[in-house]
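Chain residues, written in single-letter form:
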Amino acid sequence: MPKTHSVYFCSACGFESPRWLGRCPQCEAWNSFDERPFSRKTAAPRRTTTRGSLPTPLHEIDERRVERIPTGLHEYDAVLGGGVVPGSLTLLGGPPGAGKSTLALQIAAQLAQRGSVVYVCGEESAAQVKLRARRLRIEAGILVAAETNLRTVLEGLEPAPPLALIVDSIQTVWLPESESYAGSVAQVRDCTQALMEFAKRHHCATLVVGHVTKDGAIAGPRLLEHLVDTVLYFEGDANGEHRILRAYKNRFGSIDEICVFAMHDSGLREIENPSELFAGARAERPSGSTIVASILGSRPVLIEVQALVGETSFGTPRRLANNVDQQRLAMILAILERRAGMQLGTHDVYVSVAGGLRVSEPAADLGIALAVASSFRNRPIRADAAAFGELGLSGELRAVNAAARREAEARKLGYRTILSPERLSDLEAALRDAFA
Ligand code: TYD
Ligand code: MG
């Protein structure tokens, strides 16, 4: 007699567990668990592309298929590592209103010039997609599938697989063999796997749009990030004019690569030189502002770090880091206090990176320290200065990677005084030069 198993699942969010739980670890709902018999799904027939299941010698593997397809959006191509890889699965995440659907449609239009592109719209009706396309001045070439049953879509595409497939969004599509509703953990995972299998088998470049929860995780399982080849994520302010797209994971290129877009009434337009946007040369700099030559992905970008230091009116002093690592800031403040004699213990300190870009590399240490010092002393830093370098606990400046490229980028934008570990030995020397 076959043994029957049960699986428990949260009726609120679809979280599955092998045992009953009083409280769902995912959505934190109480008493939401239900039981259902465990059924082993009959998986879609898998076809292997190599001879039987025998391993292929590495030198015999045909790599011609991995020729990248340029999208015509140069910055986007650069984020991917040089264009779209056929057979790859890319996840495009971001908060609502970030421009995911807009970007997906623009990419679809570009790729449609090279082959067939299918756009699965689960979020909007076909008519809404049409309206958006008209706004983006996209004429023809895209095939729109207003179908949320992913099995039907994939089976329909089986006879003539497209060059690219776009699914907007993964939370709205579902597979009949997966027994939970669209958007649940199981569905999101199974749909992603089905798409991955389709993409790899037909060398179809697949782009999947995903929503994010408030805490920044891609809704549904974080697991999704492990399944896909590339994770692109819109960061920064969704209400502002500029959108930053960052590669968090990339099997075909480097991570942390960014691409900056401006949202216009006719869609997203790429900004070729982000340094000009984040740190345009100014004749005069207010106190508390420093230009930092940072490296994002593979390229140098100048950013502006701003600090505000004010006396604490009562209680514990506040430290607020926006787009900067809070722990790193605490360390820098301690160094300023001990090595430069600034009495910051009785002051509130706010530090922020202008433009919504997040900076986490230690090379920004010196810039942050100088911005805080400048605001504390209420004296602006030299208008032609740009800084980079890691701070050690004894106040020494440490060398960072790609120093020559950081310096070249700063000089290109007219910053002539470079405050860097190559020229200065410690924080004290940097403070002397910065205010000269
Ligand atoms: P959208 O791409 O729908 O965001 P998402 O799919 O990530 O939720 O649209 C983002 C915002 O951009 C939306 O508020 C409307 C605005 N927008 C423009 O400003 N110009 C345009 O051409 C388009 C299509 C949208
Ligand atoms: Mg959308």
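Chemist: Explain the sheet that holds strand E9 (residues 230-235) here, please?
Modeler: In space, the 9 strands of this open sheet follow the order E6-E5-E7-E8-E4-E9-E10-E11-E12, with mixed pairing throughout. One side of each edge strand has no neighbouring strand; the edge strands of this open sheet are strand E6 (142-145) and strand E12 (267-271). Across the sheet, the mean angle separating the axes of adjacent strands is 25° when strand polarity is ignored. Pairing of strand E4 (residues 89-94) with strand E8 (residues 205-211) involves 6 bridges; the strand directions are parallel. The residue of E8 that forms the bridge with Leu91 is Val208.

Chemist: Sorry, what's going on with unusual backbone geometry here?
Modeler: The general pattern is negative phi for most residues beyond glycine and trans for most peptide bonds. With an omega of 5°, the peptide bond between Asp168 and Ser169 qualifies as cis. Looking at where Ser169 falls in the secondary structure, it is placed in the loop between strand E7 (164-168) and helix H5 (185-202). With a phi close to 65°, Glu28 is a non-glycine residue in the positive phi region. Inspection of the secondary structure puts Glu28 in the loop between strand E2 (16-17) and strand E3 (33-37). Residue Asn378 is not a glycine yet carries a positive backbone phi of 55°. When you line up the elements, Asn378 lands in the loop between helix H9 (365-377) and strand E17 (385-387). Residue Asn378 is classed as exposed on the basis of its relative accessible area, which comes to 59%.

Reading the values: the criteria
Residues numbered from 1 in each chain as written. Chains lettered and ligands numbered in written order. Predicted model: local features only at pLDDT ≥ 70, side-chain atom pairs only at ≥ 80, totals over all residues. Heavy atoms only, no water. Pairing = 2+ DSSP bridges. Helix = DSSP H or I, 4+ residues; strand = E, 2+ residues; numbered from the N terminus. Axes fitted to C-alpha atoms, helices over the stretch in contact; angles between N-to-C directions. Buried < 20%, exposed > 50% of the residue type's maximum accessible area, 1.4 Å probe, protein only.

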